[in-house]
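# Fold and contact review
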Amino acid sequence: MKNNKVEEPLIEYITQPQETLHAVVSLLGGLGVLNFKRPISSDFDLLELTRAGLPKKALVHLIKSVAFTFQELAAIMHISERTLQRFDENTLIDAAYSEKAIELARLYVRGEQVFGSLERFKLWMKTPSYVFKNQTPASFLDTSLGFDLISKELGRIEHGLFA
């Protein structure tokens, strides 16, 4: 520490494996759809993308990828379906809504990793479960706590700890 400044080594912190980041970007339609000028190589790039806002066409791609409807995505994002549909496909969506979309993409990538296929994870998300008080996991996506409950359950499944 010199001159009351903390010096850190000049390295890039790896926050997620590259395959995970690429899978998230893919669910959102790829770099071309996202209009991001360089490869996404860390969570910091996802953060920058979130703050800039996602184009509506990225949300449309996500909806198709995870088999949701506009109504379901609108409920998760806490925006009216009509407002969401009214956006032009290149309109950048507010950071708060973009964050929810990226969080959803990250959850589905994680679920695909745990279940071995996106199709099996999508089926699990839409199937009522005792763990979720006989509701579907997807019904919990309207809150951050719901995302957390699903993530924790994925961890238990991944490690063979069923409730």
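Each chain has its residues counted from 1, running along the sequence as written. Reporting in this predicted model follows two pLDDT cut-offs: at least 70 for local features of residues, and 80 or more for side-chain atom pairs to be given and counted; totals over whole chains, interfaces and linings ignore these cut-offs and use all residues. Values shown for side chains rest on all heavy atoms present in the structure; no hydrogens or waters enter the calculation.

With that settled, consider the overall build of the protein chain. Secondary structure elements are taken from DSSP: a helix is a run of H or I of four residues or more, a strand is a run of E of two residues or more, and numbering for both begins at the N terminus. What the protein chain contains, in helices and strands, is nine helices and zero strands. Along the protein chain, from the amino end to the carboxyl end, the secondary structure elements read α-α-α-α-α-α-α-α-α. Along the first, second and third principal axes, the C-alpha atoms of the protein chain reach 60 × 45 × 25 Å. The rule is simple: take the accessible area with a 1.4 Å probe, protein chains only, and divide by the maximum for that residue type; under 20% is buried, over 50% is exposed, in between is partly exposed. When the 163 residues of the protein chain are sorted by exposure, 40% land in the buried category. Throughout, a residue-residue contact means that at least one pair of heavy atoms, one from each residue, lies within 4.5 Å. Of all intrachain contacts in the protein chain linking residues separated by at least 6 positions in sequence, the fraction that spans at least 24 positions is 58%. Total accessible area on the protein chain stands at roughly 9700 Å², and carbon and sulfur atoms take up 55% of it. Positive charges come from Lys and Arg, negative ones from Asp and Glu, while His and the chain ends are left out of the count. Lys charges are placed at NZ, Arg charges at CZ, Asp charges at CG and Glu charges at CD. Here the protein chain contributes 19 positive and 20 negative side-chain charges, whose respective centroids are spaced 3 Å apart. Per-residue and other accessible areas were derived by the Shrake-Rupley procedure at a 1.4 Å probe size, with only the shown protein chains allowed to occlude residues.

With that settled, the discussion passes to the UniProt feature "domain: Antitoxin Xre-like helix-turn-helix" (unreviewed entry) in the protein chain. UniProt positions are given in the numbering used here, feature names are shortened, and annotations may be inferred rather than shown by experiment. Taken from the UniProt record, the annotation "domain: Antitoxin Xre-like helix-turn-helix" (unreviewed entry) applies to residues 45–106. Helix makes up 73% of residues 45–106 and strand 0%, with an end-to-end C-alpha separation of 14 Å.

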